[in-house]
Amino acid sequence: MDRQTITDIWVRGWALSRGTPAPVVEPWGYRIDVGLPRHVLRHVLPEPDGPAVRHLCETVTTPHAWLKVLAGPEETARWITPGWTVPDDPGFMMTLDLRPGPAPRPPRGYAVHGTEEDGVLRVRVLGPDGSLAARGQLARAGAGLAVVDQVETSAEHRRRGLGSTVMRTLESAAAAAGTTRAVLAATTDGRALYEAVGWRYRAPLTGIVRTG
């Protein structure tokens, strides 16, 4: 897949996962009206360059507006104008071809629960005391396509294979439902987990934000 295709899948799945309005196609990419106090809107640029990024930086004046740019942070930092910062760790666009397989068994003492509503599959792993130990979700982004989102493990439950359990559970359920390809945006910490379970790095991703 090229960057345009990866981005198209990601923005549609991300919007469904987060419950925002559908993405709007713009000349430079996509706009999503997120509507949160510190994340009012985001523009996503699959094929960014200096003029396009500078144009958005100069014309988007809403505080807490975000640009998500498929370029590295050092390159992106050269394009932005005053009033914008690069606060995030580097991000990484990743993909996986899904194949049917059994859902994994959780570590001893843990239980996996899954629910699906409005095209979003949510997986929760509960600890021995019933508390939330890990979670993640997968949103359907079109025929045979999906986006994995919001995968996280509570600090006190890390290094027990729960992240892999969440990923494998999501992948198994999605493949069983006919999904053949998935996309996600990884953090630096998350990239190691995803590569360990077969995901491939495809492009850099940098977030920049308009200061308040």
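Everything here concerns the structure above.
Parameters and conventions
Residues numbered from 1 in each chain as written. Predicted model: local features only at pLDDT ≥ 70, side-chain atom pairs only at ≥ 80, totals over all residues. Heavy atoms only, no water. Helix = DSSP H or I, 4+ residues; strand = E, 2+ residues; numbered from the N terminus. Contact = heavy atoms within 4.5 Å. Areas by Shrake-Rupley, 256 points an atom, 1.4 Å probe, with all protein chains shown as cover. Lys, Arg positive; Asp, Glu negative; His and termini not counted. Charge placed at Lys NZ, Arg CZ, Asp CG, Glu CD. Phe/Tyr/Trp six-rings, centres within 6.5 Å; stacked < 30°, edge-to-face > 60°. Lys NZ or Arg CZ within 6 Å of the ring centre and 35° of its normal. 1 Å grid on protein atoms, 1.4 Å probe; cavity = no way out; pocket = protein on both sides within 12 Å on 5 of 7 lines; lining within 4 Å. Points joined across faces, edges and corners; volume = space filled by probe spheres on them. Nonpolar A, V, L, I, M, F, W, Y, C, P; charged D, E, K, R; others polar. Expected span 1.5 Å × (residues − 1). Salt bridge = Lys/Arg side-chain N within 4 Å of Asp/Glu carboxyl O. Buried < 20%, exposed > 50% of the residue type's maximum accessible area, 1.4 Å probe, protein only. Polar contact = N/O pair within 3.5 Å; in protein donor to acceptor, adjacent residues only side chain to side chain.

(A) Structural detail: the overall build of the chain. Along its length, the chain carries five helices and 12 strands. Once local pairs closer than 6 in sequence are excluded, the contacts in the chain between residues at least 24 apart make up 63%. Working note: accessible area of the chain is about 10400 Å², and carbon and sulfur atoms make up 50% of it. Averaging the locations of the 25 positively and 22 negatively charged side chains of the chain gives two centres separated by 5 Å.

(B) Quick peek at the packing of aromatic side chains. Here the structure, examined in full by the defined rule, presents two aromatic pairs. For the ring pair F92 and Y201, a centre distance of 6.0 Å and an interplane angle of 70° mean the geometry is edge-to-face. Placement of the pair is F92 in strand β6 (residues 91-97) and Y201 in strand β12 (residues 200-210), with a sequence separation of 109 residues. Taking the ring centre of F92 as reference, the NZ or CZ of R191 above it sits at 4.7 Å.

(C) Representation of the layout of surface pockets in the model. In this structure, the largest pocket occupies an estimated 1100 Å³ of space. Surrounding the largest pocket, 36 residues form its lining, V151, A186, T187, G190 and Y194 being those nearest its centre. Looking at the lining of the largest pocket, the elements that each hand over two or more residues are α1 (3-18), β10 (145-153), α4 (162-176), β11 (181-186), α5 (188-196) and β12. Of the residues assigned to the lining of the largest pocket, the class counts are 12 nonpolar, 12 polar and 12 charged.

(D) Expanded view of α1. With 16 residues, α1 extends 22 Å from end C-alpha to end C-alpha; this agrees with the ideal 22 Å at 1.5 Å per step. Two residues or fewer past α1, G19 is found with a positive phi of approximately 70°.

(E) Structural context of the pattern of salt bridges. Enumeration over the complete set of coordinates arrives at 10 salt bridges. One salt bridge connects R31 with D33, and the closest N-O pair in it is separated by 3.3 Å. Its relative accessible area of 23% is what places R31 among the partly exposed residues. For D33, a relative accessible area of 34% puts it in the partly exposed group. Members of the salt-bridge network, linked through shared partners, are E26, R31 and D33.

(F) Local environment of the environment of L145. Along the chain, the position of L145 falls in strand β10. Residues in contact with L145, not counting those within four places in the same chain, are I9, R12, A139, R140, T179 and R181.

(G) Structural detail: the side chain of H157. In this fold, H157 is placed in the loop between β10 and α4. Note on H157: relative accessible area 7%, which makes it buried. Here Y110 takes part through its side chain, which lies 2.8 Å from a polar atom of the side chain of H157. Leave out the neighbours within four places in its chain, and H157 touches Y110, G127, S131, L132, A133 and L162.

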